[in-house]
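Letter by letter, the chains look like this.
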Amino acid sequence: MFETLTRVPVDPILGVSAAFQKDTSETKIDLGVGVYKDEAGKTPVPRAVKRAEQDLIAAQTSKTYLSPIGNPGFNLQVAELTFGSDFGGRKADLALAQAPGGSGALRLGAELINAARPGSTVYVSDPTWANHIPLLGSAGLKVEKYPYYDPINNTVRFEPMLDALEQLAAGSVIVLHACCHNPTGQDLSPEQWAAVADVLARRRLLPFLDMAYQGLGEDLDRDAASIRLMAKAVPEMLVAVSCSKNFGLYRERTGLIAVLNAGHEAASLATGQLGRLARTLWSMPPDHGAAVVDRVLSSPELRQDWMTELRHMANRINSLRTQLADRLTASTGRDFAWVKQQRGMFSRLPLSAEQVVAAREQHHIYMAPDGRINIAGVSPSNVERLAESLAMVMQG
Ligand code: LMR
C-alpha cells in the first residue's frame, strides 16, 4: 500500500533547523525556526515555568483523563490574558478549548468553520506563516491570499489590503496575525486595525486571529489590543493562541482556541462542537503545558516573575533589532531602519532565494528560504560578522 506515497518536500522552516544541525562550522548562525534565544544562544525554560512544574509534580495525585476541551482553568486564564480582564464584556459568548499548541488551535478552529460552513474560503496575508496554508487547507477550507506586505518599502500595503477585503463575499474567513506578523514583523497600526475591524464588521467577514507571540512585541496588553478591538466590533470571531513562545513551552504543545459567538446559546453549541471535533482529532489535548500555564497565571508571585522575564525577552529582541539594523545600514550603505520599527521574532530580509542559499553555503548563516530571519538568533557577539556577510551576499 505505502509504495503509492510520494516523497514529502523539505519543510521550509523545520528544514532549516535540520540543515543547521548538520553544519559542523563553529561560526554557524541559526536564524531559522522561531524560538527565543538568550544571550548564550539557548532557548530557556522561564523561571516561573520551572517553579510551576516542580509544584505540579509534587502536588499531582492522578493523571486520569480530563476532557476533550482540556483544562478549564487554563482555558479561562489564557482567554482573560488575550481578551482582557473584562473579556470585553463578552465572557458568556466565548467557547473555549485547549489544543495541542497554536497549530492545534488553528486546526480546531478550521474544523469548526468547516463543520458550520463546509468548504468556506479562508484568506491569509501575502505572505503568511508557511504552515498556515497546508494547515487550514487540510481541514477542508479553500485558502486564498489578501495583499499585505510591500517588500520594497517594508510597509503594509494597506490600501490594497482594505480594497481586497471590501470585495470579499460575506462569511469569508480572514486570518490576521494579532501581533508580531510572521514572517515580516510588520504589524498594522492601531488606526489600521480600527479600519480593518470596520470593514470586517460591515462586510460580515469572519476574523480568525492568530496570536502566537503575545508579550514579545510591545507588551502583553498592547500586543492583544487587536483582539480586544475586534471583539468589540464584530459579533463572531476566532482566536488561536499559542503558549509556545511566551511561556517557552514549545514541545509541550500548549494552545487555546477561543470562539466568540453571537450570544451564549451559540457559545454553548460551539463548545459542544469543539469537544466533538477534538475527540475525533486527538481525543484530549496533552495536560502538562496547560497545567503549568494555569499555575503560573493563577499564582500572583509566579505570574509577576513570568511577566518580568517576558519583558526582558521582548526588550532583548528589540535591542537586537536596533543593533542589526545599524550594522546592516553601516555594512551595506542601504537603509535598514525599518528592522527597528518591526516587532516580534521575525523580519524578512531583501534576499533572493539564491542569496539565501549563498548565505548558507558561503557564510554558514541559516534562514527560511524567503529571507525570513529569527531576530532572537542574532547576538552582540555575531551581529558584526552577520551584517558583513549579508552585505557580501547582497552585493554578490
Ligand atoms: C516559526 O514560524 O518558525 C514557528 O512558528 C515554528 C513553526 O512551527 O513553524
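Source: prediction; values computed, not measured.

A. Here's a closer look at the packing of aromatic side chains. By the definition in use, this model includes four aromatic pairs. Summarising the aromatic geometry, the rings of Phe20 and Tyr366 are spaced 5.4 Å apart at their centres and angled 85° between planes, so their arrangement reads as edge-to-face. Placement of the pair is Phe20 in helix α1 (residues 14–22) and Tyr366 in strand β12 (residues 365–366), with a sequence separation of 346 residues. Across the pair, Tyr366 and Phe20 agree in class, each one buried. The lysine or arginine in question, Lys28, covers the ring of Phe20, its NZ or CZ lying 4.3 Å from the ring centre.

B. Quick peek at the domain arrangement of the protein. With domains assigned, the protein is organised as domain 1 (11–45 + 314–395) and domain 2 (65–298). Here the C-alpha centre of domain 2 lies 28 Å away from the C-alpha centre of domain 1. Taken together, the contacts link 19 residues of domain 1 with 20 residues of domain 2. Between domain 1 and domain 2 the total buried area reaches about 1,700 Å² when both faces are included, carbon and sulfur atoms providing 55% of it. Three residues, Arg343, Phe346 and Arg348, lead the burial of domain 1 against domain 2; their summed loss comes to 33% of the area buried on that side. The interface formed by domain 1 and domain 2 holds one salt bridge in total. Where Glu218 meets Arg343, a salt bridge forms, and the shortest distance between an N and an O atom there is 3.1 Å. Counting every contact that joins domain 1 to domain 2 gives nine residue pairs in polar contact (both at pLDDT 80 or more). For the side of domain 1 that touches domain 2, the elements supplying multiple residues, two or more each, are α12 (300–332) and β11 (346–348).

C. Examining the site of the ligand more closely. Surveying the vicinity of the ligand reveals the residues Ile13, Val33, Gly34, Trp129, Asn182, Tyr213, Lys245, Phe346 and Arg372. Between Asn182 and the ligand, the recorded distance is 3.0 Å, taken from a side-chain N or O atom to an oxygen atom. If you count residues domain by domain, the shell around the ligand takes at least three from each of domain 1 (11–45 + 314–395) and domain 2 (65–298).

What counts and how
Here the residue numbering is sequential within each chain, running from 1 through the sequence in written order. Per-residue local features are limited, in this predicted model, to residues with pLDDT of at least 70; the limit for side-chain atom pairs, both in listing and counting, is 80 or more; totals at the level of whole chains, interfaces and linings are taken over all residues. Calculation of side-chain values draws on the structure's entire complement of heavy atoms; hydrogens and water are dropped beforehand. Stacked, tilted and edge-to-face are the three classes assigned to paired rings of Phe, Tyr and Trp, where Trp is represented by its six-membered ring and a pair needs centres within 6.5 Å; plane angles under 30 degrees give stacked, over 60 edge-to-face, the rest tilted. A helix here means a DSSP run of H or I that spans at least four residues, while a strand means a run of E at least two residues long, and both kinds are numbered starting from the N terminus. Working definition: with a 1.4 Å probe on protein chains only, accessible area under 20% of the residue-type maximum means buried, over 50% means exposed, and in between means partly exposed. Working rule: Lys NZ or Arg CZ, within 6 Å of ring centre, within 35 degrees of ring normal, means a charge sits over the ring. Boundaries of every domain are those given by an automatic assignment or by a domain database. Whether two residues are in contact is decided by their heavy atoms: any pair within 4.5 Å suffices. Summed over both partners, the accessible area lost on bringing two parts together, with a 1.4 Å probe, is the buried area. Should a side-chain nitrogen of Lys or Arg be within 4 Å of a carboxyl oxygen of Asp or Glu, the pair is scored as a salt bridge. By the criterion applied in these results, polar contacts are pairs of N or O atoms within 3.5 Å in which, for protein atoms, one can donate a hydrogen and the other can accept it, and in which residues neighboring in sequence qualify only through two side-chain atoms. Proximity criterion: a residue is near a molecule or strand once any of its heavy atoms comes within 4 Å of it.

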